[in-house]
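Observations on the three-dimensional arrangement
Here is how the chains run, residue by residue.
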Amino acid sequence: MVETQKAATLIVVAHPEDVVRLFSTVAGGADLAVVTEDGGAGRELEAVGRALGARSTHLLLSPSEIGPWCREQREQGARRVFTHSPQEEAPLHREVAVLVSRVFDRLWVPATGARPTECTVLDDAAFQRKLGLLNALYRERPDGAQGGACTDPLRDGPGIEAFTEVHSTDMVRALSLTKPEIFSELADPWGFAQSTYEGERFALTVRVLESLRHASPRRVVDVGACEGMMTEHLLSLFPHANVQAVESEPRFVARLRERLGGHGRVRIVEASAEDVALEADLVLLAEVLYYLSDDAAQDLLDRVRASHLLTSYGGGFGAKVHAALDERGWKVVMSETLPGRIESVDGARSPLLVRRAGTEIRLWKR
């Protein structure tokens, strides 16, 4: 605690009201930065800073200014940095969170879907001051009608401010698991190496694929091969097969080549699933359709020419995939179901939690 007590507090958020709503209890003496394209927000930010006793206020007019400004702050000495949680729904909030995490490794974020590190319950006077300041901001800028509803729930209760200490890798993994963005700068962004959920999913996938050993597939296409963990296993599972590993993200392709580039039965193809032929004895199409539009996914399923197809999807999305394959004449020959659960974003120690919805791993034949 000695280190954090000596460090200056830095708060980087998307809007002036975010400082009040989420960080009022740590704003005294802090340096506040707000990232917004609304130049008029400067006056609101100054008012918030005065009301909360901030040391300074800074208006950043674009997310592109976050990195340079944060690096300047880091060079001035130790900082205790507060920013948005990657679990928040607003896209700008998530963007701010990840950009700040690319400069500072250690951060404090609102304990949204997380185990709190520290928590403050406001007394009545502090609560009323906070509510009054929020109302002053909204009164001057009444924009509720723009949201399409007369009333909206206040999901972050202003009477409690709880924070979680996280590392930058926690932020990236939380986003990788819950949003369509892919953060390939981090090795193992989905926590395959430590997640019990992912370990069990891998084991069940192998069990389903083992049912094809008797068929001895000679041509296999692994779509979305990522860093090559499953591709490598396919080589031992089907010793007579040639495997085409398809991956579109250049950093994953580089790691895939490091792992399997010298293997004589592997062909690594750097391309989107939409741009390669899906003709083989076995096509693996697990956890990739999420990243395509509905039309592109339907077109891709139309192009599959294979004896067998493996899918791994759950929930409502999985039901849509299964229905689409049923319509195309595919029949399920084996399936395994992995129940959902709640676990850390890295599958081990992170205080940030995610809900894994579960999946049904299916082997299809047509």
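Since this is a predicted model, take the numbers as computed values, not measurements.

Observations concerning unusual backbone geometry
Although it is not a glycine, serine 216 adopts a positive phi angle of roughly 45 degrees. The residue serine 216 is located in the loop between helix H8 (196-210) and strand S8 (219-223) in this model. Given the relative accessible area of 27%, serine 216 is considered partly exposed.

Looking at the side chain of aspartate 222
Positionally, aspartate 222 belongs in strand S8. The side chain of aspartate 222 is buried and forms no salt bridge, while arginine 259, the nearest opposite charge, is found at 9.8 Å. In terms of polar contacts, aspartate 222 uses its side chain to reach the side chain of threonine 231, at 2.6 Å. Those residues in contact with aspartate 222, other than ones at most four positions away along the chain, are Met230, Thr231, Leu234, Val243, Gln244, Ala245, Val246 and Leu284.

Section: the pattern of salt bridges
This structure, assessed with the given rule, holds 16 salt bridges. Note that aspartate 18 is salt-bridged to arginine 21, the shortest N-O span being 2.7 Å. Residue aspartate 18 and its partner arginine 21 are located together in helix H2 (residues 16-23), separated by three residues, close to a single helical turn. Pair check on accessibility: aspartate 18 and arginine 21 agree, each one buried. The salt bridge involving arginine 362 is made with glutamate 360; its shortest N-O contact spans 3.0 Å.

Re the packing of aromatic side chains
For the structure on display, the rule yields seven aromatic pairs. With a centroid separation of 5.7 Å and 5 degrees between ring planes, the pair formed by phenylalanine 23 and phenylalanine 163 is classed as stacked. Of this pair, phenylalanine 23 sits in helix H2 while phenylalanine 163 sits in strand S7 (residues 160-167), placing them 140 residues apart in sequence. Judged on exposure class, the residue phenylalanine 23 and its partner phenylalanine 163 are both buried. Here tyrosine 290 and tyrosine 313 contribute two aromatic rings whose centre-to-centre distance is 5.2 Å and whose plane-to-plane angle is 75 degrees, an arrangement assigned as edge-to-face. Taken together, the residues tyrosine 290 in the loop between strand S11 (279-286) and helix H11 (294-303) and tyrosine 313 in strand S12 (residues 305-313) connect sequence positions 23 residues apart. Among the aromatic residues, those joined into a ring-pair cluster are Phe23, Phe82, Trp108 and Phe163. Over the face of the ring belonging to tryptophan 108 we find arginine 80, whose NZ or CZ atom lies 4.4 Å from the ring centre.

Observations regarding the confidence of the model for the protein
Scored by pLDDT, the protein comes out at a mean of 90, with 94% of its residues at no less than 70. Note that pLDDT drops below 50 for residues 1-5; the model gives that stretch four contacts with residues more than four away or on any other chain.

Considerations on the environment of glutamate 88
Position of glutamate 88 relative to the elements: it lies in the loop between strand S4 (79-83) and helix H5 (91-101). Sequence separation between glutamate 88 and proline 110 is 22 residues; the distance between their C-alpha atoms is 9.2 Å. Apart from residues no more than four positions distant in its own chain, glutamate 88 is found in contact with Leu22, His93, Arg94 and Pro110. Reaching out from glutamate 88, the side chain makes a polar contact with the side chain of histidine 93 at a distance of 2.6 Å.

Section: the pairing of strand S15 (residues 353-356)
Covered by surrounding structure in S15 are Val354 and Arg356 only, the residues Leu353 and Arg355 on the alternate face being uncovered. In terms of strand pairing, strand S14 (residues 341-344) meets S15 through four bridges, oriented antiparallel. Counted as the bridge partner of serine 344 is leucine 353 from S15.

Focus: the packing of H2 against helix H3 (residues 41-52)
Packing of H2 against H3 brings their axes to within 8 Å, and their N-to-C directions diverge by 30 degrees. As summarised for this structure, H2 and H3 are arranged roughly parallel, according to the angle between their axes. Seen from H2, the contacting residues are Pro16, Val19 and Val20; seen from H3, they are Ala41, Glu44, Leu45, Val48 and Leu52. Partitioned by chemical class, the residues of the contact of H2 with H3 number seven nonpolar, no polar and one charged.

Considerations on the pairing of S11
In this structure, S8 lies alongside S11, joined through three bridges in parallel fashion. From the neighbouring strand, valine 220 faces S11, where its bridge partner is leucine 282. Sheet topology note: the S11/S12 ladder contains seven bridges and is parallel. Of the residues in S12, the one forming a bridge with leucine 285 is threonine 311. The parallel pair S11 and S12, bridged by H11, forms a crossover whose chirality is right-handed.

Concerning the nonpolar core
Val12, Ile66, Cys70, Val100 and Phe104 are the most contacted members of the largest nonpolar core, which has 30 residues in total. Residue contributions to this core peak at five residues, all from H5. Isoleucine 66 has contacts with Val35, Leu60, Val96, Leu99 and Val100, leaving out every residue within four places of it along the chain.

Conventions we followed
- Residues numbered from 1 in each chain as written.
- Predicted model: local features only at pLDDT ≥ 70, side-chain atom pairs only at ≥ 80, totals over all residues.
- Heavy atoms only, no water.
- Helix = DSSP H or I, 4+ residues; strand = E, 2+ residues; numbered from the N terminus.
- Buried < 20%, exposed > 50% of the residue type's maximum accessible area, 1.4 Å probe, protein only.
- Lys, Arg positive; Asp, Glu negative; His and termini not counted.
- Salt bridge = Lys/Arg side-chain N within 4 Å of Asp/Glu carboxyl O.
- Polar contact = N/O pair within 3.5 Å; in protein donor to acceptor, adjacent residues only side chain to side chain.
- Contact = heavy atoms within 4.5 Å.
- Phe/Tyr/Trp six-rings, centres within 6.5 Å; stacked < 30°, edge-to-face > 60°.
- Lys NZ or Arg CZ within 6 Å of the ring centre and 35° of its normal.
- pLDDT = per-residue confidence, 0-100.
- Pairing = 2+ DSSP bridges.
- Axes fitted to C-alpha atoms, helices over the stretch in contact; angles between N-to-C directions.
- Parallel < 35°, antiparallel > 145°, perpendicular 65-115°, else oblique.
- Nonpolar A, V, L, I, M, F, W, Y, C, P; charged D, E, K, R; others polar.
- Right-handed = clockwise from strand over helix to strand, strands pointing away.
- Core = buried A, V, L, I, M, F, W, Y, C linked by side-chain atoms within 4.5 Å.

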